[in-house]
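Structure assessment
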Amino acid sequence: MTDYNALWQSAESLLDPQVHPLSNLANISALIRFSITDINWSGFYFLIDDVLNLGPFCGLPACIRIPVGRGVCGTALQQDMVLCVPDVHAFSGHIACDCNSRSELVIPIHLDKRVVCVLDIDSPVLNRFGEDELDFFGKTAQRIEYCLAENRTLWKL
Ligand code: SME
């Protein structure tokens, strides 16, 4: 069992608006991958020129570009909504980067009310993401949005 209260304290202090956003996103990817049970991939895809591009992540090498509306990530982006997929094999158009993945959660991240990237989390366990996870990852996404708004270095690359 994951202690989400303790983990939130770590996540909140790790996500520091004073540091470069890429460093924040790399560190939170690793925290998610290694501090929560049954997670095989966690990371970010950035919306650049109308395509999602692979950003900082922790897990096996993944597909580099995802068009808007494709896969779980591109669908979450297009609909600007959290997508919780209990069985990826039942999701039409799912893009399999790690063949061990069985369930997936994708959360759009906003800057100035527009989606700029998505947080993608994969699990080798069916139906891995419940209320505790939705709550924790929702708070994490909000903290990331706060950091991005406070430190816009990334968007000047
Ligand atoms: N499964 C995702 C692709 C990204 S990987 O899971 C890292 C999708 O269907 O969009």
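Scope of this entry: the structure provided in the associated data block. (Residues numbered from 1 in each chain as written. Predicted model: local features only at pLDDT ≥ 70, side-chain atom pairs only at ≥ 80, totals over all residues. Heavy atoms only, no water.)

1. Some remarks on the pairing of strand β1 (residues 41-48)
Note the threshold: Each residue's exposure class comes from its accessible area (1.4 Å probe, protein chains only) as a fraction of the maximum for that residue type: buried when under 20%, exposed when over 50%, partly exposed otherwise. Numbered from the N terminus, helices here are DSSP runs of H or I no shorter than four residues, and strands are runs of E no shorter than two. Should DSSP find at least two bridges between two strands, the strands are regarded as paired.
Burial analysis of β1 places six of its eight residues in the buried class, the great majority of the element. Looking at chain direction, β1 and strand β6 (residues 114-123) are connected through six bridges and run antiparallel. Each bridged residue has a counterpart across the sheet, and for F44 the counterpart in β6 is L119. In the sheet, β1 pairs with strand β2 (residues 51-58) via six bridges, with the strands oriented antiparallel. Bridge assignment links I48 to a residue of β2, and that residue is V51. Counted along the chain from β1 to the antiparallel partner β2, the turn is two residues long, and its residue D49 has a positive phi close to 50 degrees.

2. Here's the deal with the site of the ligand
What counts here: Note on definitions. A residue lies near a molecule or strand when any single heavy atom of the residue is within 4 Å of it. The term polar contact refers here to a pair of N or O atoms within 3.5 Å; inside protein, the definition further demands a hydrogen-donor-capable atom paired with an acceptor-capable atom, and it admits residues adjacent in sequence only when both atoms are side-chain atoms. With residues, only the protein chains shown are counted as cover, and all accessible areas are computed by Shrake-Rupley using a 1.4 Å probe.
V72, C73, I95, E104 and D122 are the nearest of the 13 residues found near the ligand. Within the backbone of V72, a nitrogen or oxygen atom sits 2.9 Å from an oxygen atom of the ligand. At 2.9 Å from an oxygen atom of the ligand is found a main-chain nitrogen or oxygen belonging to C73. Surface burial for the ligand is 100%, taken as the share of its 300 Å² of free accessible area covered by protein chains. Going through the elements one at a time, β1, α3 (71-79) and β6 are the ones with two or more residues in the shell around the ligand.

3. Considerations on unusual backbone geometry
At D49, a residue that is not glycine, the phi angle is positive and equals roughly 50 degrees. Examined against the element boundaries, D49 turns out to sit in the loop between β1 and β2. Look at D80: it is not a glycine, yet its phi comes out positive at around 45 degrees. Mapped onto the elements of the fold, D80 is located in the loop between α3 and β4 (83-85). Classification of D80 by relative accessible area gives partly exposed; the value is 38%.

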